[in-house]
Amino acid sequence: MVGDTLSILNGWIKDFGMLSEGWRAGILVFMLVFATATAAFIASRVIAVLEDKFSATQNLWDDAVLHAVCKPVEAFIWLQGVYWAAEVAHRFSDAEIFKANGTLLQIGFVWVLVWALLRLAKEAEKILTSPMKVRQPMDYTTVSAISKLLRAVVIITAVLTVLQTLGFSISGVLAFGGVGGIAVGFAAKDLLANFFGGFIIHLDRPFKVGDWVRSPDRNIEGTVEHIGWRLTTIRTFDKRPLYVPNATFTTIAVENPSRMTNRRISETIGIRYADVHAMKQIVDEIRDMLKRHEDIAADKTLIVNFLAFNASSLDIMVYTFTKTTQWVRFHEVKEDVLLKISDIIESHGAEVAFPTRTLLLPDGVKARGDNQEPRASEPASEDGQAQDSGKQAEKLWD
């Protein structure tokens, strides 16, 4: 229809007899480009009005679809308009470049379709993982893995379609890929190992983005920022990025403290031997305090017992769990528990023990005071005894 219209318009200009063939071609191309720009502008205005209208509705998917196709629609209008302009130019010229108009249009259409699908996948990923948009958001790691897989499928399909459009045999390409895949597999075995390692992470989900992970086998500890198909990015606690190949996680043990249900308080507190008479009351009061504490999980294991006779203390074992798993809040609760235990010990007139040593002297032996210095006219007792013993030994030897 457009070709017929342009033919009529070209015949009318030709019959008018005022312009040469080159000028007629230029006017027709200009009119097509101007019409294309006008259509693209109108389409953008219509899409903007629809976005404002759809944003007022409860449905989030219409917004996502409209936002995903707005740019590709404008690109498709320009693609079609430029194709028509090139067809008009081809009517007035036999240049070889214009013979590829149909092929370029098909490739452009595939590109616009792929662009729209990739944008739609990205918008769907944002909706499914946002707690502000859905009531029960899905796991970001799982959604990201599915989104990446869909984008890979779309891109591979588009590449094969373009190759078929350009005249290449898809069966030949696939056969070449099957034969060359063995060589590529040997050459890029580490890359494939990381790829399958990322696949296992997405499948087993030992951790997700935002989790705190650590490995007792390697010096790996921090918060997961991104899980790719080759690398996993971990932000260490000193704010440095750590890039770990995914194949590493298939050979090491990984702890995920973010999924702990409680944090543990495990302390050994010693009192003096002189306070053994108050041991039973102190232990019972500490146990009761922990049972009544609002931040202690009373349904978990709670142990408070006299543990052992230590070298310089009577040890009390305190073993319990907090309700919170947050690192900062846990230390606040632990501080409160330890201060209350200290108050209980002091309330019974007891004291927390520290390393001490008692020296028992036999009867008749007196210890010199620390501040009492020996007189200059007499030697130190130990040195004097040593000299006297030496003299007696010499006499006996003679």
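Residues numbered from 1 in each chain as written. Predicted model: local features only at pLDDT ≥ 70, side-chain atom pairs only at ≥ 80, totals over all residues. Heavy atoms only, no water.

1. Comments concerning the overall build of the protein
To keep things clear, this is the line we draw: Secondary structure counts use DSSP, requiring at least four H or I residues in a row for a helix and at least two E residues in a row for a strand, with both numbered from the N terminus. The classification of residues rests on relative accessible area computed with a 1.4 Å probe and restricted to protein chains. Under 20% of the type maximum is buried, over 50% is exposed, and intermediate values are partly exposed. Should any heavy atoms of two residues lie within 4.5 Å, those residues are counted as being in contact. Only the protein chains shown count as cover for residues, and all accessible areas are computed by the Shrake-Rupley method using a 1.4 Å probe.
Scanning the protein from N- to C-terminus turns up ten helices and seven strands. Sorting the 398 residues of the protein into buried and exposed places 29% on the buried side. Contacts in the protein between residues far apart in sequence, at least 24 positions, make up 62% of those at least 6 positions apart. Carbon together with sulfur atoms contributes 61% to the accessible area of the protein, which is approximately 26,700 Å² in total.

2. Let's talk about the sheet that holds strand E4 (residues 241–245)
The criterion, for reference: Should DSSP find at least two bridges between two strands, the strands are taken to pair. Angles here are taken between N-to-C directions and fall from 0 to 180 degrees, while the axes themselves are lines fitted to C-alpha atoms, restricted in helices to the stretch in contact.
Spatial strand order, E1-E2-E3-E4: four strands in an open sheet with antiparallel pairing. With partners counted over all chains shown, the strands left at the sheet margins are strand E1 (212–215) and E4, one partner each. Strand-to-strand twist of the sheet, defined as the mean angle between neighbouring strand axes without regard to direction, takes the value 45°. In this structure, strand E3 (residues 231–235) lies alongside E4, joined through five bridges in antiparallel fashion. Looking at E4, one finds that Ile234 is bridged to Leu242.

3. With respect to the pattern of salt bridges
To keep things clear, this is the line we draw: By definition, a salt bridge exists where a carboxyl oxygen of Asp or Glu is found within 4 Å of a side-chain nitrogen of Lys or Arg.
For the structure on display, the rule yields 15 salt bridges. The shortest N-O distance in the salt bridge between Asp211 and Arg259 comes to 3.7 Å. A residue pair is termed long-range when its members are at least 10 positions apart, and Asp211 in the loop between helix H7 (189–204) and E1 and Arg259 in the loop between E4 and strand E5 (263–271) qualify at 48 residues. By relative accessible area, Asp211 is classed as buried at 5%. Assessed through its relative accessible area of 45%, Arg259 is described here as partly exposed. With a closest N to O distance of 2.8 Å, Asp238 and Arg240 form a salt bridge. One continuous salt-bridge network, built from bridges that share partners, spans Lys208, Asp211 and Arg259.

4. Here's the deal with the sheet that holds strand E6 (residues 303–309)
Taken in spatial order, the three strands make up an open sheet running E5-E7-E6, and their pairing is antiparallel. The open sheet has two edge strands, E5 and E6, and neither has a second partner. Between one strand axis and the next, the sheet turns through 20° on average, direction left out of account. Where E6 lies against strand E7 (residues 314–322), six bridges are found, and the strand directions are antiparallel. Residue Ile303 lies in a different strand from E7, and its bridge partner there is Tyr319. Against the sheet, helix H8 (residues 279–292) touches E5, E6 and E7, its axis set at about 150° to E6.

5. A look at the packing of H8 against helix H9 (residues 327–347)
Going by this rule: Comment on the angle field: the value is read as roughly parallel under 35 degrees, roughly antiparallel over 145, roughly perpendicular from 65 to 115, and oblique elsewhere. It is the rotation of the near helix from the far one that decides the hand of a crossing: anticlockwise by less than a right angle makes it left-handed, clockwise makes it right-handed. Note that Gly is not counted as nonpolar here; it falls among the polar residues with everything else outside the nonpolar set of Ala, Val, Leu, Ile, Met, Phe, Trp, Tyr, Cys and Pro and the charged set of Asp, Glu, Lys and Arg.
Contact pair H8 / H9: the axes reach a minimum separation of 10 Å and the direction vectors enclose 150°. Between H8 and H9, the angle is such that the two are roughly antiparallel. Handedness of the crossing formed by H8 with H9: right-handed. Residues Ile282, Glu285, Ile286, Met289 and Leu290 of H8 form the contact with H9, whose own contacting residues are Val337, Lys340, Ile341, Ile344, Ile345 and Ser347. Residues belonging to the contact of H8 with H9 are distributed by class as follows: eight nonpolar, one polar and two charged.

6. A closer look at the nonpolar core
The test is simple: Think of a nonpolar core as a cluster: buried Ala, Val, Leu, Ile, Met, Phe, Trp, Tyr and Cys residues, connected wherever their side-chain atoms sit within 4.5 Å.
Judged by nonpolar contacts, the single largest core of 22 residues is most densely connected at Ile282, Ile286, Leu290, Ile316, Val337 and Ile341. Every element with two or more residues in this core is listed here: E5, H8, E7 and H9. The contact partners of Ile286, leaving out residues within four places of it in the chain, are Val304, Val318, Ile341 and Ile344. In this structure, Ile201, Val224, Ile234 and Val244 belong to the second largest nonpolar core, which totals ten residues.

7. Describing H8
We apply this condition: In this scheme, a helix's expected span is set at 1.5 Å multiplied by one less than its residue total.
The end-to-end C-alpha distance of H8, which contains 14 residues, comes to 20 Å, matching closely the 20 Å that a straight helix rising 1.5 Å per residue would cover. Elements that come into contact with the buried residues of H8 comprise E5, E6, E7 and H9.

8. Here's the deal with a nonpolar patch on the surface
Test applied: Surface patches are defined over residues having more than 30% relative accessible area and no salt bridge, joining like charges when they lie within 9 Å and nonpolar side chains (Val, Leu, Ile, Met, Phe, Trp, Tyr) when within 5 Å.
A surface patch of nonpolar side chains, amounting to about 490 Å² of accessible area, comprises Val65, Phe76, Phe109, Leu113, Leu117 and Leu120. Those elements that provide at least two residues to the nonpolar patch are helix H3 (61–92) and helix H4 (101–129). Among the residues examined, Leu117 registers a relative accessible area of 39% and is labelled partly exposed.

9. Some remarks on the side chain of Asn262
Note the threshold: The definition of a polar contact used here is a pair of N or O atoms within 3.5 Å, where within protein one atom must be able to donate a hydrogen and the other to accept one, and adjacent residues in sequence count solely through side-chain atom pairs.
By the secondary structure assignment, Asn262 is in the loop between E4 and E5. Within the local environment of Asn262, its side chain forms a polar contact with the side chain of Thr261, the two groups lying 3.1 Å apart. Filtering out sequence-adjacent residues up to four positions away, Asn262 remains in contact with Ala297, Lys300, Phe321, Thr322, Lys323, Thr324 and Thr325.

10. Considerations on the pairing of E7
Across the nine residues of E7, eight count as buried, placing the element largely inside the fold. Across nine bridges, E5 lies against E7 in antiparallel orientation. Bridging across to E7, Ile271 finds its partner in Leu314.

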